[in-house]
Every structure is written in structure tokens, then in C-alpha cells.
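Commentary on secondary and tertiary structure
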Amino acid sequence: MNMKLRNIPFSPPDMTEAEVAEVREAILSGWITTGPRTKKLEQQISEFVHTDKTVCLNSATACMEMVLHLLGVGPGDEVIVPAYTYTATASVTQHVGAKLVMVDSQKDCMEMDYDQLEKAITDKTKVIVPVDLAGIVADYDRVFEIVERKKALFHPSNDLQKKFGRLIVSGDCAHSFGASRKGKMAGEIADFSSFSFHAVKNFTTAEGGALTWKLLFGNEVVPTGVDYMPTVPKKEGETWNELLYRLSQLFSLHGQNKDALAKTKLGAWEYDIIGPWYKCNMTDIMAALGLVQMERYPKLLERRYEIVAKYNEGLKDLPVAVLNHKDANHCSSHHLYLVRLLGKTREETNRVIEMMAERGIATNVHYKPLPMMTAYKALGFDIKNYPNAHHLFENEITFPLHTKLTDEDVEYIIENFVDIVKNL
């Protein structure tokens, strides 16, 4: 057994000289905020995930909140999310003043309980947020079946919601860039999809994210009678896709009707503030990282597939449960390798985490359910009402899974984990 002590971090970014060179060029170009590189990255993302429009912002959180703003979701509306997720999925509902509704997980399954989801829908529900946990695309077919059955309960409060004519599905795809299900890419399945490019993600721009969408009516011209947002000037012949993209720019740049790029045109300094909105744009320095990461991404994904296959083989004889990252119907982005120590308590699992750390292996936990967090307890949520989510959490440990791992690192992780578990 190769037990020479190693130092294996949990999730370092995979950067090369190519990223350095592109960022250097961006810096020396004189254009470092939102500009041509950001626009180019948006186009590449749309092509990669087969969507109509993409807007790059400073985080997936900003993207998920942007969806709610675009839809006009606010006080009096309800948004349904799973209890087993990261806070960003839920916190954006509080930012817009909507009511947060949580549903439990399925038994021994990380996905939300779709039966509970259906029961949770009321005449105030506007948006459902499935989560592609660990990069595994959620069962959107099931979600859309539920949405169709509950159509009569949907009461639109503006012209865009009327255009949908049903509950809107906003995918939390923070983990699933590059994943697919039944031949469709994460990004083209939900109505709106939000990706994260945070430093710990497969594909990174240091901080950052992308909101993308593919709508059945996206290329239809917005009717002249639509009074969607009173302060936003209408543009004759504008499609819904163009309107949503324009609104995204307004919401992400203080409500300013010209970005810095537009103001560089001769004599074009003057601008207006359409609304007292937000500042969450992506910069060209961040986009420069993304442009190089996009070129490298197919090989980065392949390496993740190899590592997960090695983990699966190494753990097959242990009393553990792992996620199904790949089969005939789907391929995840292989973002996280979650392991459950069957029959063990949280305390016993924490001891395994400590023993792995003593051997130089950094691990993590995904996730402590939201109803266990102070902020959500204060909103009235109680983990007792989410027993399946708690059961998933109580014995979960997440392995390092990143493209800086060597085969020797992977073997070291497996050997030590097997040794620790067998001697518990």
C-alpha cells in the first residue's frame, strides 16, 4: 500500500499558461470590464449548450436572482426549492421578497421529492427551482409533467408570465455545465438555467456565472401592446430573446441604458438610468479565463470521467453508496464525488473526514440541509419536516474531484479511505 503522506487539496483551480496569456492580453488591451471578451464568451456558451441567449454575470447567484427579476417575481409570490442544496438556490427568493417554499429529498436520492413538489404548488407559486446536484441533471421531464398538470393554478401577474402560461422552471445548474440528459444539454432543458464559474467549479472564471435560456417563443416579436416594464423603452421589432437580454444588461449595470462599450462611440457619452437596479456584470478579465477554459473543457471533462471511474472501481466492495454519474440516459459534469457511509452517523463520518485529513486528504460535505442553517431556522424551517434530506446528510463525505489529481493521488485517496473504513 502506497501510504507515503501526500498533500491533496479538495478543489484547486486548473490554470495554465494559456489562461495567463489571455488575461494578460485582456489587461493590456485597455478593456478590462464588460466588453468584447464577455460578449464572445456569451456566444460560445450558447453554442455549447444549444441555447438562444446567454448573459454572463458575476455569479450563479446573480443569475438565479436575475431570473426572478426578469419574471417580475416578488412579494405575494412563492418559489419552490429543494431543502438539500446550497443557500444560493434559496436566498435569491428573499432578495426579491418572495415566499420560500422547501420540499424534502427523495428517500436515499439527492433529487427533490417530486410528489412533494406537486403537493407544494399553490395559486401563488410562480417558479420551481430544481437543482443539478453534483452535476447530475435533475428529472426535468417529471417537473414539466407536474407543471402541466398544475396549469390551472397558475395566475400570471405580467405579460411575460402570461406568455409562459404556466409555472416557470429555473434550473440551478451551478454544478452541471457540460452535463446532459436524454440527449439534451444542461442549459437547454429548463426555461432558464444558471451556471456557476466559481473557482471550485469544473469550468472557472475565478468568480462568475452565466444565465442562459431557450424559449419556445424566444424569437417571436414582442407585441406592441405589451407593457412589460413601464420604465423600459420599447424597441420596435424586438424579439422576446432580445428584450430579455436587454433587460439583463439593465438589471446588471445599475439600470444604465448604455454599457461602457457603447459609451466609447464618438459623442455617445449620454445615458439614462431606467431603474435603481443592481451591479453584477462579468468583466473581460474573468471572461478571458473562460475563453481559454472553453477550449480546454472537453479534455477537462474526460479527465473527470476517468477519475470517477477509478473511484467507483476502488469503492465497489465497501458498504457505501455513490452517485450514478453516467449511464445510457445521462452524463453528469462529474463535478462532485459524494459518498455515503451506510449505517454510520454524522459523528462517525466526521471522524473519517478527520482521519483522511490526518493523511493529507482534504474532503468536504455536500450539503448540510438548509433547514439546519440559522438563517432558514429563523424563517421557520425545521429539519424535522425534511427527514430524507437529513438522512442524506448524516453520513455524507465528498472526495476531492478535480483535474489536478494524478492517478497516484487517486490511488492514494482510495487506499486510505478503504483502510479507514475497514478499520472503523
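Read on for a plain summary of the structure. (Residues numbered from 1 in each chain as written. Predicted model: local features only at pLDDT ≥ 70, side-chain atom pairs only at ≥ 80, totals over all residues. Heavy atoms only, no water.)

1. A short note on the overall build of the protein
Going by this rule: Secondary structure counts use DSSP, requiring at least four H or I residues in a row for a helix and at least two E residues in a row for a strand, with both numbered from the N terminus. Only C-alpha atoms enter the radius of gyration, while the globule expectation follows 2.2 Å times N to the 0.38, with N the number of residues. For the exposure calls, accessible area comes from a 1.4 Å probe over protein chains only, and a residue counts as buried if that area is under 20% of its type's maximum, exposed if over 50%, partly exposed in between. Residues count as neighbours in contact if any of their non-hydrogen atoms are within 4.5 Å of one another. Shrake-Rupley sampling with a 1.4 Å probe provides the accessible areas, and residues are treated as covered by the protein chains on show and by no other component.
Of the regular secondary structure elements, the protein holds 14 helices and 15 strands. Relative to a compact globule of 424 residues, whose C-alpha radius of gyration would be 22 Å, the protein shows 22 Å and is just as compact. A principal-axis box enclosing the C-alpha atoms of the protein has dimensions of 70 × 55 × 40 Å. Considering the protein as a whole, with its 424 residues, one finds that 58% of them fall into the buried category. Expressed as a percentage of contacts within the protein between residues at least 6 apart in sequence, the contacts between residues at least 24 apart total 70%. When the accessible surface of the protein is split by element, carbon and sulfur atoms take 53% of a total near 18300 Å².

2. Some remarks on the environment of Glu242
Cut-off, in case you're wondering: Counted as a polar contact is a pair of N or O atoms within 3.5 Å, where, for protein atoms, one must be capable of donating a hydrogen and the other of accepting one, and residues adjacent in sequence contribute only when both atoms are in side chains.
Within the secondary structure, Glu242 sits in helix H8 (residues 240–252). Glu242 sits 23 residues away from Asn219 along the chain, and the two C-alpha atoms are 8.3 Å apart. From its side chain, Glu242 meets the backbone nitrogen of Thr239 in a polar contact 2.8 Å long.

3. Some thoughts on the pattern of salt bridges
Put simply, the test is: What makes a salt bridge here is a side-chain nitrogen of Lys or Arg within 4 Å of a carboxyl oxygen of Asp or Glu, nothing more.
Tallied over the entire structure, the rule returns 24 salt bridges. Taking the shortest distance from any N to any O, the salt bridge between Arg351 and Glu354 comes out at 3.3 Å. Here Arg351 and its partner Glu354 are both found in helix H11 (residues 346–358), 3 residues apart, which amounts to about one turn of the helix. Via salt bridges that share partners, Asp14, Glu19 and Arg296 belong to a single interconnected network.

4. Looking at the sheet that holds strand S9 (residues 184–185)
Let me state the cut-off plainly: Two strands qualify as a pair provided DSSP detects at least 2 bridges between them.
In space, the 3 strands of this open sheet follow the order S9-S8-S13, with antiparallel pairing throughout. Lying at the two open borders of the sheet, with one neighbouring strand each, are S9 and strand S13 (330–331). Inspection of the sheet shows strand S8 (residues 180–181) paired to S9 by 2 bridges, in the antiparallel sense. Within S9, the position partnered with Ser180 by the bridge is Met185.

5. Considerations on the packing of aromatic side chains
To keep it simple, the criterion reads: Two aromatic rings, drawn from Phe, Tyr or Trp (for Trp, its six-membered ring), form a pair once their centres lie within 6.5 Å of each other, and the interplanar angle then sorts them: stacked below 30 degrees, edge-to-face above 60, tilted otherwise.
For the structure shown, the criterion picks out 19 aromatic pairs. Residues Phe217 and Trp240 carry aromatic rings whose centres are separated by 5.9 Å and whose planes lie at 85 degrees to one another, so their mutual orientation is edge-to-face. Taken together, the residues span a long stretch of sequence, with Phe217 in the loop between strand S11 (209–213) and H8 and Trp240 in helix H8 at a distance of 23 residues. Centroid distance Tyr311 to Phe399: 5.1 Å. Interplanar angle 80 degrees. Geometry classified as edge-to-face. Note that Tyr311 is positioned in helix H10 (residues 284–315) and Phe399 in strand S15 (residues 396–399), a separation of 88 residues in sequence. The two residues Tyr311 and Phe399 agree in class, both being buried.

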